[in-house]
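Close look at the chain arrangement
This is what each chain is made of:
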Amino acid sequence: KQFQTIFEEVQQFSKNSSKRMLIAETLLRPIIKRLFKEKKYQLIVDLSNAFGIYDLQNSNSLFEIAYSYSEVDNSQKGEEYYSRYLEKNGSSSAALNNLGVIYEHNNELDRALDYFNKALSIDSKNVIYIRNIDRVENRIQAVWDEEIQKTSKWLSSKKLAEIGYTRQYVLEIEANRQFSL
């Protein structure tokens, strides 16, 4: 209860620019850390909305803010804050992985795979990153398989014969194309 009172006071003080700067420099990080530990992601989002990006960057809480936005289904803001975190702190396997999760959620599978691979290149033994790569590769393969089926149905034997190909020949070309990816 005492923490809730402090939280509400911080939100109120954040409306005053001189007090907001003082809060950002001294209290924002510990408050966000505690809220993050308690998985109160919406409160972190609400609190971050009371501050400017400069204040948030100085609080060294960009990762927690990005994660919180992702957890409350605002992947666009999550992506923005992860990108800012990476700009400020350099490569982070966790941030790269979480960006991959956002892209996968948005069905940007190639982009997700790229970020999961970047995370794995930093932390090559992390089983979560390996599992994420496997899952996305399987999803990409499923998309390819579906496209091949659609193409195969469209390319009936008659249409193939008209252009001088057998159906088997086209399927072999598609299969070889899969292996070259």
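Structure shown above.
One structure accompanies this document, and this report is about it.

This brings us to the packing of aromatic side chains. Evaluated as defined, the whole model comprises seven aromatic pairs. Both rings, one in Tyr41 and one in Tyr67, keep their centres 5.5 Å apart while their planes meet at 55°; by these two values the pair is tilted. Of this pair, Tyr41 sits in helix α4 (residues 41-48) while Tyr67 sits in helix α6 (residues 62-71); the two residues are 26 residues apart in sequence, bridging distant segments of the chain. Overall, the relative accessible area of 13% leaves Tyr41 in the buried class. With relative accessibility at 24%, the residue Tyr67 sits in the partly exposed group. Between Phe63 and Tyr82, the ring centres sit 5.5 Å apart and the planes meet at 70°, which makes this aromatic pair edge-to-face. One end of the pair, Phe63, is in helix α6; the other, Tyr82, is in helix α7 (residues 75-89), and 19 residues separate them in sequence. Residue class for Phe63 comes out buried when judged on its relative accessible area of 17%. The exposure class assigned to Tyr82 is buried, which follows from its relative accessible area of 1%. One aromatic cluster in this structure is built from Phe36, Tyr41 and Tyr67. Against the face of Tyr115 rests Lys118, its NZ or CZ located 4.6 Å from the ring centre.

This part takes up the pattern of salt bridges. Going through the model one piece at a time under the given rule, you end up with nine salt bridges. We note a salt bridge from Glu79 to Arg111, for which the minimum N-O separation is 3.8 Å. Residue Glu79 is located in helix α7, and its partner Arg111 is located in helix α9 (residues 109-122); the two are separated by 32 residues in the primary sequence. Owing to a relative accessible area of 22%, Glu79 belongs among the partly exposed residues under this scheme. Judged by relative accessible area, which is 37%, Arg111 ranks as partly exposed. The partner of Glu104 in a salt bridge is Arg135, and the shortest N-O contact between them spans 2.6 Å. Taken together, the positions of Glu104 in helix α8 (residues 93-105) and Arg135 in helix α10 (residues 127-154) put the pair 31 residues apart, joining distant regions of the chain. Residue class for Glu104 comes out buried when judged on its relative accessible area of 9%.

Conventions we followed
- Counting restarts for each chain, with residues numbered from 1 along the sequence as it is written.
- Confidence filtering applies because this is a predicted model: local features only for residues at pLDDT of at least 70, side-chain atom pairs given and counted only at 80 or more, and all residues used for totals across whole chains, interfaces and linings.
- Side-chain descriptors were evaluated using all non-hydrogen atoms of the structure, hydrogens and water having been removed beforehand.
- Pairing of aromatic rings covers Phe, Tyr and Trp, the last counted by its six-membered ring, and requires centre-to-centre distances within 6.5 Å; plane angles under 30 degrees mean stacked, over 60 mean edge-to-face, and any other angle means tilted.
- Here a helix means four or more residues in a row that DSSP labels H or I, a strand means two or more in a row labelled E, and each is numbered from the N terminus.
- Buried residues are those whose accessible area, probed at 1.4 Å on protein chains only, stays under 20% of the maximum for their type, while exposed residues exceed 50% and partly exposed ones sit between those limits.
- Charge-over-ring contacts are defined here by two conditions on Lys NZ or Arg CZ: a distance within 6 Å of the ring centre and an angle within 35 degrees of the ring normal.
- What makes a salt bridge here is a side-chain nitrogen of Lys or Arg within 4 Å of a carboxyl oxygen of Asp or Glu, nothing more.

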